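Results of the structural survey
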Amino acid sequence: GAGVSQSPSNKVTEKGKDVELRCDPISGHTALYWYRQSLGQGLEFLIYFQGNSAPDKSGLPSDRFSAERTGGSVSTLTIQRTQQEDSAVYLCASSAQEGGQPQHFGDGTRLSIL
Amino acid sequence: GESVGLHLPTLSVQEGDNSIINCAYSNSASDYFIWYKQESGKGPQFIIDIRSNMDKRQGQRVTVLLNKTVKHLSLQIAATQPGDSAVYFCAENSHNTDKLIFGTGTRLQVFP
């Protein structure tokens, strides 16, 4: 597709379960970002991938959160042993190169932990 | 309507009027700034960006102004339309990092 695609669009799961969220960036974009948005809040940076460089994981809130990017394209964000405070919208963005270029966002995955 | 816990500053304007949304940023080293529009249930949509070597940039019906002296950014929307109703976020980025730092957002409500 032409834009950033995220799946699933909604995910409801029980506390303690693991979840995987997927992001397909815009074709050709080398930079990929994950953000989290809680209700009525701005976006909180989680992790950033650029090409083959080591990812910037400085925003991950705990070791329950991890992400990988296979083949420089699709990315998966994994949350293990989910907690209720993990409930949020998880947004993925991509850009043509690092820094100084607009990031283009998908519509996010709304995660609800029961 | 608003959800419990949602306390965004709100700007209400009449259709056809001009809107000005303001943003203060904190990092004097930031050299790239972006405005995003976010509609309910959607991801942020890029509107316009500006680099720190500029103080004004214009797009279609939108203008971004940057005042580095007081670390202030504004978005002006001309002839505001009902479709402009959304939450608007400013974001800053330093060339030393590659992650955007977002403001808390402003809700723009356009009434007929």
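To keep things clear, this report deals only with the structure shown in the data block.

What follows is about the interface of chain A and chain B. Counting from both sides, the interface comprises 23 residues of chain A and, opposite them, 23 residues of chain B. For the pair chain A and chain B, the two sides together bury roughly 1800 Å², of which 55% comes from carbon and sulfur. Where chain A touches chain B, the interface holds 0 salt bridges. If you look at where chain A meets chain B, you find 4 residue pairs in polar contact (both at pLDDT 80 or more). Where the side of chain A that touches chain B is concerned, the elements lending two or more residues are strand S4 (31-37), strand S5 (43-50) and strand S9 (104-105) of chain A. Across the side of chain A that touches chain B, the residue classes tally to 9 nonpolar, 11 polar and 3 charged.

To continue, consider the side chain of Arg64 of chain A. Position of Arg64 of chain A among the secondary structure elements: in the loop between S5 and strand S6 (65-69). Within polar-contact distance, the side chain of Arg64 of chain A engages the backbone oxygen of Arg81 of chain A at 3.2 Å.

Ranked by internal contacts, the top residues of the largest apolar core, which has 20 residues, are Trp34, Leu46, Ile47, Leu77 and Tyr90 of chain A. Listing elements by their share of this core, those giving two or more residues are strand S3 (19-24), S4, S5, S6, strand S7 (75-79), strand S8 (88-95) and strand S10 (109-113) of chain A.

Residues and elements named next belong to chain A. Sheet architecture is open: 4 strands sit in the order S1-S3-S7-S6, paired in antiparallel fashion. Taken across any chain shown, the strands that pair with only one partner, and hence form the sheet edges, are strand S1 (5-7) and S6. Across the sheet, the mean angle from the axis of one strand to that of its neighbour is 15 degrees, orientation sign disregarded. Strand direction decides the pairing type here: S3 and S7, joined by 5 bridges, are antiparallel. When the sheet's bridge partners are listed, Arg22 is paired in S7 with Thr76.

Below, the discussion takes up the sheet that holds strand S6 (residues 62-67) of chain B. Residue and element names in this part refer to chain B. One open sheet accounts for 4 strands, arranged S2-S7-S6-S5; its pairing is antiparallel. The outermost strands of the open sheet, each flanked by one partner alone, are strand S2 (19-24) and strand S5 (56-58). Strand-to-strand twist in this sheet, taken as the mean axis angle between neighbours without regard to direction, amounts to 15 degrees. With 6 bridges connecting them, S2 and strand S7 (residues 72-77) associate as antiparallel partners. Note on S7: the bridge partner recorded for Asn22 is Ser74.

Right, let's talk about the environment of Gln101 of chain A for a bit. Examined against the element boundaries, Gln101 of chain A turns out to sit in the loop between S8 and S9. Measuring from C-alpha to C-alpha, the distance between Gln101 of chain A and Leu32 of chain A comes to 12 Å, with 69 residues separating the pair along the chain. Residues contacting Gln101 of chain A, with those up to four places away along its chain left out, are Ser95 of chain A together with Tyr32 and Arg51 of chain B.

Residue and element names in this part refer to chain B. Taking every second residue as pointing to the same face, the buried face of strand S10 (residues 106-111) carries Thr106, Leu108 and Val110, while none of Arg107, Gln109 and Phe111 on the other face is buried. As paired strands, strand S1 (residues 10-14) and S10 are joined by 5 bridges and run parallel to one another. Bridge pairing links Val13 to Val110 in S10. Pairing analysis gives 3 bridges linking strand S8 (residues 86-94) to S10, with the strands arranged antiparallel. Across the sheet, residue Ala86 finds its bridge partner in S10, namely Leu108.

Looking now at the pattern of salt bridges. All names here are of chain A. In the structure shown here, the tally under the stated rule is 5 salt bridges over all chains. We note a salt bridge from Arg36 to Glu44, for which the minimum N-O separation is 3.1 Å. Residue Arg36 is classed as buried on the basis of its relative accessible area of 11%. Judged by its relative accessible area of 33%, Glu44 falls in the partly exposed class.

Calculation rules
Residues numbered from 1 in each chain as written. Chains lettered and ligands numbered in written order. Predicted model: local features only at pLDDT ≥ 70, side-chain atom pairs only at ≥ 80, totals over all residues. Heavy atoms only, no water. Contact = heavy atoms within 4.5 Å. Buried area = accessible area lost by both parts, 1.4 Å probe. Salt bridge = Lys/Arg side-chain N within 4 Å of Asp/Glu carboxyl O. Polar contact = N/O pair within 3.5 Å; in protein donor to acceptor, adjacent residues only side chain to side chain. Helix = DSSP H or I, 4+ residues; strand = E, 2+ residues; numbered from the N terminus. Nonpolar A, V, L, I, M, F, W, Y, C, P; charged D, E, K, R; others polar. Core = buried A, V, L, I, M, F, W, Y, C linked by side-chain atoms within 4.5 Å. Buried < 20%, exposed > 50% of the residue type's maximum accessible area, 1.4 Å probe, protein only. Pairing = 2+ DSSP bridges. Axes fitted to C-alpha atoms, helices over the stretch in contact; angles between N-to-C directions.

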